[in-house]
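# Survey of secondary and tertiary structure
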Amino acid sequence: YLAEQEKPLRRRVAVKLIKLGMDTRTVLARFDAERQALALMNHPNVARALDAGSTEDGRPYFVMEYVEGDRITEYCDTNRLHVSARLALFRRVCDAIQHAHQKGVIHRDIKPSNVIVCRENGNPVPKVIDFGVAKATNQLLTERTVFTEQGVLIGTPEYMSPEQARIDNSDVDTRSDIYSLGVLLYELLVGVLPIDTEALRRTGIDELLRLVREHDPPKPTTRLAVLGDQAVQCARQRSTELSTLIRKIRGDLDWIVMKCLEKDPNRRYATIAAFVDDLDRYAQHQPVAAGPPSASYRLRKFARRHRALVVGAAAVSITLLAGVISTAIFAVRESRQHAAAQAQADTTRAVNAFLNDMLSSVDPRNAGPEVTVREVLDEAAGRVEAELAGHPEVERNIRGTIGRAYMALGIFDEALPHFERSLTLAVELYGDQSEESAASLNELGYALKQMGRFADAEGLHRRALEIEMKLFGENDTRAAASMNHLAQSLYDQGKYDDGRPLFERAFEIRKREPGQQDLPFITSLSNLARARYTSGDYAEAVRLQKEALRLMTDLFGESHPDTVGQMNNVAFLTMTNGQYQEAEAMFREVVGHYRTHYGQAHPDIARSLNNLGECLRRQDRYEDAAAIHREALAMRRELLGTDHPMVAKSLNNLALALTSLERYEQAAALHAESLTIRKDRLGGEHPDIATTLNNLAFVQYKQGAYEQAEARFREALRIRQSAYGNDHPQVANTQMNLARCLLAQGNLEDAETLCRAALRIQSETLGESHPDTAATSGVLGRVLTQMSHYDEAETVLLHAHASLRSRFPPDSKQIHGIRDKLVELYEAWERPEEADRYRHSASTTPP
């Protein structure tokens, strides 16, 4: 209760009472003991105990300092405090809790509502309240405090430590408060809790407590990566950009927080002082004591939970790495056939020692839960140079193995140094014109391509192709592999005319070779489908891609990542051909397979989410599409960096969804950001530049800025014609958009010319019933209406209406738009009955 003390000082105070029915002898005894302990505390960041006593009916009470202010999270967000200011406030909270611990008091309910920030002399001062009361009274602090029949669990589930969440919580000590402080710090840094609050509230008590005890939360930066718009808002509340916030937290602060949140109290900071020391070291840019748990520790945890899986994985690893050993030993024999036998023995011993050390951590006899492939790789990668010094052949093979594993995980920047070292060793061992050097050039080039460094990748693949053609001739399958790599890097730069002949040549070489069911042949077949797509032959592209999917399924099965990649390609072409529901089902299957294989975050998952979002947008499901695109964008920013070309693609597609939702300001800003990235990374003539220009112009057209829109449409049209030729659906798309803009400005003749040109291309490449063809027909119908060519306008619009009805439900936005144009036509034509018929059907199916 808020009360007023009249003497000896007049001041406002807070009074707390034991609740009726709680005043048992045991509770009263504990309350009194706790009251004495609180009376000993004297700290500027602790709400002081001023007095104590009992009411007339014998209920004990406290009189506390009245603290007027905001809970710490609200204060920080309202005042947009940056990370360093938040840490400064939080450090004072830690000092207060440490003071309590020194007095023998464990708080047990640290949370934002128990840390109030008030103003003293104009400065913010955090005050910790409710010290020891929960422990002393066992009273219900909040509506979410949990009770059980066997015992009393005190605290708020989102903030309580795992040991508090046990029925037998007798082992709760000061480290429990350290856990709760870690939760509070997590929330101060990223604006959300480590464990999903909604999940806690939806579940029953047993499952709730199990989550608290067993669920391992993601790192703060990992959580930020999947928050979408909420992450952007979080960064704004910290007076910074999202990318800057992630960089500031990633590493030291991630580790400090996660050390506090260890399930095992013995792995947390032993004291608040140790916790504060690490915060101080972070602030002073010194190495922190916290760090990611060792790979061996988490590997043992994982193996304990998944013994059968680990034993099997170990067996597979031994088999695979035995192949590496054999290859390395063979290389030693071939390159040093006159060397002493001792050198071979030394190499074998080095490899055996390396493998034994790496695999011993998955021995079930030593294992305990929780490890990832990434952590095993990190530990192995850190030891390669030191432990394989003097064995360059072996080092080169293992570097390549580690690099390829990082690539499969989507961790491209970690793969890069291993491929670079592998190339250096290949040149030193075999020469710069060797087959081994060419293979290393291709691997390094592929890593650079995945990182968005397309021009650098092109240079490496060209060198590899030159070496292989010199060594093996231009019709060799090894040269075909380099042709595919080089063509892909050219395509990534929008150089379709240069890359297409290489895709076709590589396929011809593969087709002549036996074994047309193997992975290289299927890859060439899929690349040929890509070549047909960029040339505008969509039907042939679909046929080839479906054949590649069939062969890949026969080779690897339905759920293998390579098969799923081909399914993604088929789904994309299916969507491009206007079969949206079929494509959506395939994209959802792709996402499911990828998540099962990779977990929650991987570049392949982001790519398939991006495609799914676009498929939803084309079905008028704009809110769903925007949500999917936000998830893909956040994932790509986290995995690839903020300026990767794939980030620009996600920005573009999210902007398209927002344009459909008529959020034009937001869409324009996203398109502008996408355009900046694409110009910086791809160059001004790349087809993706045209895509962003086209879409940004459409936003400006919707905003009524017709002259600006027209200029951008024309620039996009020029780039697309240069990249694709004059008869490509992408060219038709921009012609149709430019026609819309000219129609809005009253330039009917040029608008008609552009519409007819676009319709010719779309009818030949997409078919007359395609949604894009129908959309262009709608624009042409409106142009013809305004030119008073009513008969032809009616024919064009009725045909478009029939085409759309075969693909979309009656209440779709596309059909509604054509009906509006028919109403406009019949009104201009002075045929009110037909106008009323379509006006009525349109009015009952709003967009």
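Residues numbered from 1 in each chain as written. Predicted model: local features only at pLDDT ≥ 70, side-chain atom pairs only at ≥ 80, totals over all residues. Heavy atoms only, no water.

Relative to the elements of secondary structure, Lys111 occurs in the loop between α3 (83–102) and β6 (115–120). Take Lys111: its relative accessible area is 6%, and that puts it in the buried class. With 48 residues separating them in the primary sequence, Lys111 and Tyr159 have C-alpha atoms 6.5 Å apart. (Helix = DSSP H or I, 4+ residues; strand = E, 2+ residues; numbered from the N terminus. Buried < 20%, exposed > 50% of the residue type's maximum accessible area, 1.4 Å probe, protein only.)

This next bit is on the nonpolar core. The nonpolar side chains of soluble globular proteins are, as a tendency, buried together. Counting 93 residues, the largest nonpolar core has Met483, Phe587, Leu609, Phe713, Leu822 and Leu825 as the members making the most contacts within it. In terms of residue count, the dominant contributor to this core is helix α33 (residues 729–744) (eight residues). Setting aside anything within four residues of it in sequence, one finds Phe713 in contact with Asn694, Ala697, Phe698, Tyr701, Thr734, Asn737, Leu738 and Cys741. In terms of nonpolar packing, the next biggest core, distinct from the first, is built from 53 residues, Val83, Tyr159, Ile178 and Tyr186 among them. (Core = buried A, V, L, I, M, F, W, Y, C linked by side-chain atoms within 4.5 Å. Contact = heavy atoms within 4.5 Å.)

What follows concerns the sheet that holds strand β3 (residues 49–54). An order of β1-β2-β4-β3 is seen for the four strands of this open sheet, with the pairing classed as antiparallel. A strand with exactly one partner marks an edge of an open sheet, and here the two such strands are β1 (2–5) and β3. The mean angle between the axes of side-by-side strands here comes to 35°, regardless of whether they run parallel or antiparallel. Sheet analysis places β1 next to strand β2 (residues 11–17), joined by four bridges and oriented antiparallel. Each bridged residue has a counterpart across the sheet, and for Ala3 the counterpart in β2 is Val13. (Pairing = 2+ DSSP bridges. Axes fitted to C-alpha atoms, helices over the stretch in contact; angles between N-to-C directions.)

This part takes up unusual backbone geometry. For the peptide bond that leads from Lys7 to Pro8, omega is 5°, which places it in the cis range. Unlike most non-glycine residues, Glu830 shows phi in positive territory, near 60°. Following the sequence through the fold, Glu830 ends up in the loop between α37 (813–828) and α38 (832–843). We classify Glu830 as exposed; its relative accessible area is 68%.

This part takes up the pattern of salt bridges. Under the counting rule described, the total for this entry stands at 54 salt bridges. For Glu540, the salt bridge identified is with Arg543, shortest N-O distance 2.8 Å. Within this pair, Glu540 and its partner Arg543 are both found in helix α24 (residues 538–556), separated by three residues, close to a single helical turn. When the shortest N-O distance is used, the salt bridge between Glu715 and Arg718 registers 2.8 Å. Remark: Arg718 and Glu715 occur in helix α32 (residues 706–724); sequence separation between them is three residues, near one turn of the helix. On the basis of relative accessible area, Glu715 is assigned to the partly exposed category, the value being 32%. Several salt bridges share partner residues, and in doing so they unite Arg48, Glu65, Glu120 and Lys127 into one network. (Salt bridge = Lys/Arg side-chain N within 4 Å of Asp/Glu carboxyl O.)

This part covers the pairing of strand β7 (residues 123–128). Across six bridges, the pairing between β6 and β7 is antiparallel. The residue of β7 that forms the bridge with Val115 is Val128. Joining the antiparallel neighbours β6 and β7 is a turn of two residues, in which Asn121 adopts a positive phi near 55°.

On the surface, a nonpolar cluster with roughly 220 Å² of combined accessible area is contributed by Leu519, Leu555 and Phe556. Relative to the elements of secondary structure, Leu519 occurs in helix α23 (residues 519–534). Relative accessible area serves as the criterion here: at 31%, Leu519 is assigned to the partly exposed category. (Patch = residues over 30% accessible without salt bridge, like charges linked within 9 Å, V, L, I, M, F, W, Y side chains within 5 Å. Areas by Shrake-Rupley, 256 points an atom, 1.4 Å probe, with all protein chains shown as cover.)

The contact between helix α31 (residues 687–702) and α33 brings their axes to 11 Å, and the two run at 20°. In terms of axis orientation, α31 runs roughly parallel to α33. Both α31 and α33 take part in a crossing whose hand is left-handed. Along its contact with α31, which presents Asn694, Phe698 and Tyr701, the element α33 presents Asn733, Thr734, Asn737, Arg740, Cys741 and Ala744. Split by residue class, the contact of α31 with α33 holds four nonpolar, four polar and one charged. (Parallel < 35°, antiparallel > 145°, perpendicular 65-115°, else oblique. Left-handed = near helix turned anticlockwise from the far one by under 90°. Nonpolar A, V, L, I, M, F, W, Y, C, P; charged D, E, K, R; others polar.)

Turning next to the sheet that holds β6. Spatial ordering of the open sheet is given by β5-β6-β7, a layout of three strands whose pairing is antiparallel. At either end of the open sheet lies a strand with only one pairing partner, and these are β5 (70–71) and β7. Taken strand by strand, α3 contacts β6 and β7, and its axis lies near 35° from that of β7.

This part takes up the packing of α31 against α32. The interhelical angle for the contact between α31 and α32, taken along N-to-C directions, is 155°, at an axis separation of 8 Å. In terms of axis orientation, α31 runs roughly antiparallel to α32. Helix-helix and strand crossings are classified by hand; for α31 and α32 the assignment is left-handed. Each of Pro687, Ile689, Ala690, Thr691, Leu693, Asn694, Leu696, Ala697, Phe698, Gln700 and Tyr701 in α31 lies in contact with α32, whose residues at this interface are Tyr706, Gln708, Ala709, Arg712, Phe713, Glu715, Ala716, Ile719, Arg720, Ala723 and Tyr724.

Before going further, it helps to examine the packing of aromatic side chains. Counted under the stated rule, the structure contains 14 aromatic pairs. Measuring from centroid to centroid gives 5.8 Å for Phe90 and Phe275, while their planes differ by 65°, and the two rings are edge-to-face. Of this pair, Phe90 sits in helix α3 while Phe275 sits in helix α12 (residues 272–283), and the two are 185 residues apart along the sequence. By the burial criterion, Phe90 is buried, and Phe275 matches it. A ring pair is formed by Tyr533 and Phe572, whose centres lie 5.8 Å apart and whose planes are at 70°; its orientation type is edge-to-face. Here Tyr533 is found in helix α23, whereas its partner Phe572 is found in helix α25 (residues 561–576), with 39 residues between them in sequence. For Tyr533, a relative accessible area of 16% puts it in the buried group. A connected cluster of aromatic rings, assembled from ring pairs, spans Tyr491, Tyr496, Phe503 and Tyr724. Between the NZ or CZ atom of Arg478 and the centre of the ring of Phe472, over which it lies, the distance is 3.6 Å. (Phe/Tyr/Trp six-rings, centres within 6.5 Å; stacked < 30°, edge-to-face > 60°. Lys NZ or Arg CZ within 6 Å of the ring centre and 35° of its normal.)

Let us look at α3. A rise of 1.5 Å per residue sets the reference length of α3, with its 20 residues, at 28 Å; its end C-alpha atoms lie 28 Å apart and thus fit the reference within 8%. Regarding α3, the residues found buried are Val83, Arg86, Leu87, Leu89, Phe90, Val93, Cys94, Ala96, Ile97, His99, Ala100 and His101. (Expected span 1.5 Å × (residues − 1).)

This part takes up helix α9 (residues 229–237). Taken residue by residue, α9 has Ala231, Cys234, Ala235 and Gln237 as its buried positions. Projected onto a plane normal to the axis of α9, the buried residues spread over an arc of 160° and lie on a single side. At its buried positions, α9 is contacted by α2 (72–78), α3, α5 (174–190), α8 (220–225) and α10 (242–249). (Arc of directions from axis to C-beta.)

Turning to its location among the elements, Glu474 is positioned in the loop between α20 (454–472) and α21 (477–492). For Glu474, a relative accessible area of 46% puts it in the partly exposed group. Separated by 32 residues in sequence, Glu474 and Ala506 place their C-alpha atoms 9.8 Å apart. The contact partners of Glu474, leaving out residues within four places of it in the chain, are Met469, Ala479, Met483, Arg505 and Ile509.

The next subject is the side chain of His728. Within the fold, His728 resides in the loop between α32 and α33. Overall, the relative accessible area of 1% leaves His728 in the buried class. Of note is the side chain of His728, whose polar atom sits 3.2 Å from the backbone oxygen of Thr534. For His728, the side chain forms a polar contact with the main-chain nitrogen of Gln730, separated by 3.0 Å. His728 has contacts with Tyr533, Thr534, Ser535, Gly536, Tyr538 and Ile761, leaving out every residue within four places of it along the chain. (Polar contact = N/O pair within 3.5 Å; in protein donor to acceptor, adjacent residues only side chain to side chain.)

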